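# Structural features, examined
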Amino acid sequence: MLFPVVESRGQDVIVLKNGQYAACEIEALTDNIVTFTMHQREGDGDGVIRRTIKTSEIDYVEFDFEPGEEEAFSNRADLNRETVEEWWNHHFAHLHRPRSRTAAWGIALGYALIEEDSELYGSRALQLFDRIAERAWSGIDVAAAKRGRLRAMMATGDLERASSEAKNLATQTEDPELLIEVKYLLAQADFERLKELEEDNPRWYDDDDVRPLRNELYQGVIDQFMWPYLFHAAQEKAASRGLFQAGVVYEFGGDEERSINAYRDLVALYPKSEARSEGELRLQNLTNEESKENKPEPTNP
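Predicted model only: the values in this text are computed from it and were never measured.

Helix and strand counts for the protein stand at 11 helices and 6 strands. Against the 2.2 N^0.38 benchmark of 19 Å for 301 residues, the protein shows a C-alpha radius of gyration of 26 Å, more extended than a compact globule. Taking the principal axes of the C-alpha coordinates as reference, the protein spans close to 105 × 45 × 35 Å. Of all 301 residues assigned to the protein, the portion counted as buried reaches 43%.

Right, dumping it as structure tokens:
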């Protein structure tokens, strides 16, 4: 046996392709070898056993959390860029290894870079997501990196390429969660295009060439935002987010009645969703304005 009479005080785990495994303390891991230590059991002598084996014999490795890392990992989406980048750098070499959490740190870093609202950081995020998509071991991480890539392109203003890639990705996947995210990104990109079109053509409604394009884009944005609510209503986060965004688009288009209906559905059907509070606030603002408009004029006595 490879690990006959030893146990470890550490929490790293090595699982071999032959089914054997050991808790240990990994000292070094490369694509060729892994070096680790294990402590002998009581009664079998005192001391530390140090071993080196070929990485090709290993099925996967699970690294223990570093001090302070477990809590940080659980809240990685809320950490600042500098903190996330430290953990990404710490795990960077293991991006391609099975069961590595490196990609999760990298994806969190990518979104933190986007939040900096800088073209330079947006370009870094795009490069980071590309690397994760190319090297990550998990299909889930690869899909998340592809979504992040689209968001990074949108953040840097490359809406045309983001829209084109999102459409291609939508035709390549049958994963409903990925498809929902892709359609949401498409809707966001198209909404930006809609706003740009109206800004460039303030009298679009009088332009026979622009009006059909604007109306098609407007309806397409709403259809894409509403898609999760109509076809995957049980996906609370996606459906409520889409309802809220549809309400925003209706507001932008001056259709207050449909906007009010969208916000009302959001508040009634998804009361615990993240989008509810802002949707309720917008609903109150719209209904207050509606009440003022319908209020009869005072008459003089």
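Moving on: helix α8 (residues 210–231). With 22 residues, α8 ought to run about 32 Å at 1.5 Å a step, and its terminal C-alpha atoms sit 31 Å apart, in line with that. Where α8 bends most, at Phe225, the angle is about 40°, and the proline Pro228 comes one to four residues later. Contacts made by the buried residues of α8 are with α7 (176–200), α9 (236–252) and α10 (256–269).

On to the packing of aromatic side chains. Under the counting rule described, the total for this entry stands at 10 aromatic pairs. Centre to centre, the rings of Phe244 and Tyr263 are 6.0 Å apart; their planes meet at 40°, and the pair counts as tilted. Of this pair, Phe244 sits in helix α9 while Tyr263 sits in helix α10, and the two are 19 residues apart along the sequence. By relative accessible area, Tyr263 is classed as buried at 0%. Members of the aromatic cluster, each reached through a chain of ring pairs, are Phe65, Phe73, Trp87 and Trp105. Positioned over the ring face of Tyr218 is Arg214, at 4.3 Å from the centre of the ring.

Another aspect to go through is the pattern of salt bridges. Evaluation of the coordinates by the stated rule reveals 22 salt bridges. Here Arg81 ties to Glu85 by a salt bridge, and the two come within 3.3 Å at their closest N and O atoms. You can see Arg81 and its partner Glu85 sitting in helix α2 (residues 81–91), 4 residues apart, about one turn around the helix. Here Arg81 and Glu85 have matching classes, each one buried. Three or more residues joined by partner-sharing salt bridges are found here, namely Arg81, Glu82, Glu85, Glu116 and Arg124.

Ranked by size, the top nonpolar core spans 37 residues in total, and within it Trp88, Trp105, Phe129 and Ile132 carry the most contacts. For this core, the secondary-structure elements that each account for two or more residues are α1 (69–74), α2, α3 (102–115), α4 (119–135), α5 (139–155), α6 (159–172) and α7. What Phe129 contacts, discounting residues up to four positions off in sequence, is Ile107, Gly110, Tyr111, Ile114, Ala145, Gly148, Arg149 and Ala152. Counting 26 residues, the second-largest nonpolar core is a separate cluster that includes Ala187, Tyr218, Ile222 and Tyr229.

The geometry of α8 relative to α9 is characterised by a closest axis approach of 6 Å and an angle of 155° between their N-to-C directions. In this view, α8 runs roughly antiparallel relative to α9, as classed from their interaxial angle. Judged by the twist between their axes, the crossing of α8 over α9 is left-handed. Two secondary-structure elements touch here, α8 through Tyr218, Val221, Ile222, Phe225, Met226, Pro228 and Tyr229 and α9 through Ala238, Ala239, Gly242, Leu243, Gln245, Ala246, Val249 and Tyr250. Residues of the contact of α8 with α9, tallied by class, amount to 13 nonpolar, 2 polar and no charged.

In this structure, Asp141 sits in helix α5. Here Asp141 sits buried without a salt bridge, and the closest side chain of opposite charge, Arg76, lies 7.1 Å off (N-O distance).

Of all 5 residues making up strand β2 (residues 12–16), 4 are buried, and the element is well covered by its neighbours. As judged from the 4 bridges shared by β2 and strand β3 (residues 21–29), these two strands associate in the antiparallel manner. Each residue of the ladder has a partner; that of Ile14, found in β3, is Ala22. If you look at the hairpin formed by β2 and β3, you'll find 4 residues sitting between the two strands, and Gly19 has a positive phi there, around 100°. Examined bridge by bridge, β2 and strand β6 (residues 58–62) share 4 bridges and lie antiparallel to one another. Directly across from Leu16, in β6, lies its bridge partner Ile58.

Criteria and thresholds
Residues numbered from 1 in each chain as written. Predicted model: local features only at pLDDT ≥ 70, side-chain atom pairs only at ≥ 80, totals over all residues. Heavy atoms only, no water. Helix = DSSP H or I, 4+ residues; strand = E, 2+ residues; numbered from the N terminus. Rg over C-alpha atoms; globule rule 2.2 N^0.38 Å. Buried < 20%, exposed > 50% of the residue type's maximum accessible area, 1.4 Å probe, protein only. Expected span 1.5 Å × (residues − 1). Bend = angle between axes of the 7 residues up to and from the residue. Contact = heavy atoms within 4.5 Å. Phe/Tyr/Trp six-rings, centres within 6.5 Å; stacked < 30°, edge-to-face > 60°. Lys NZ or Arg CZ within 6 Å of the ring centre and 35° of its normal. Salt bridge = Lys/Arg side-chain N within 4 Å of Asp/Glu carboxyl O. Core = buried A, V, L, I, M, F, W, Y, C linked by side-chain atoms within 4.5 Å. Axes fitted to C-alpha atoms, helices over the stretch in contact; angles between N-to-C directions. Parallel < 35°, antiparallel > 145°, perpendicular 65-115°, else oblique. Left-handed = near helix turned anticlockwise from the far one by under 90°. Nonpolar A, V, L, I, M, F, W, Y, C, P; charged D, E, K, R; others polar. Lys, Arg positive; Asp, Glu negative; His and termini not counted. Pairing = 2+ DSSP bridges.

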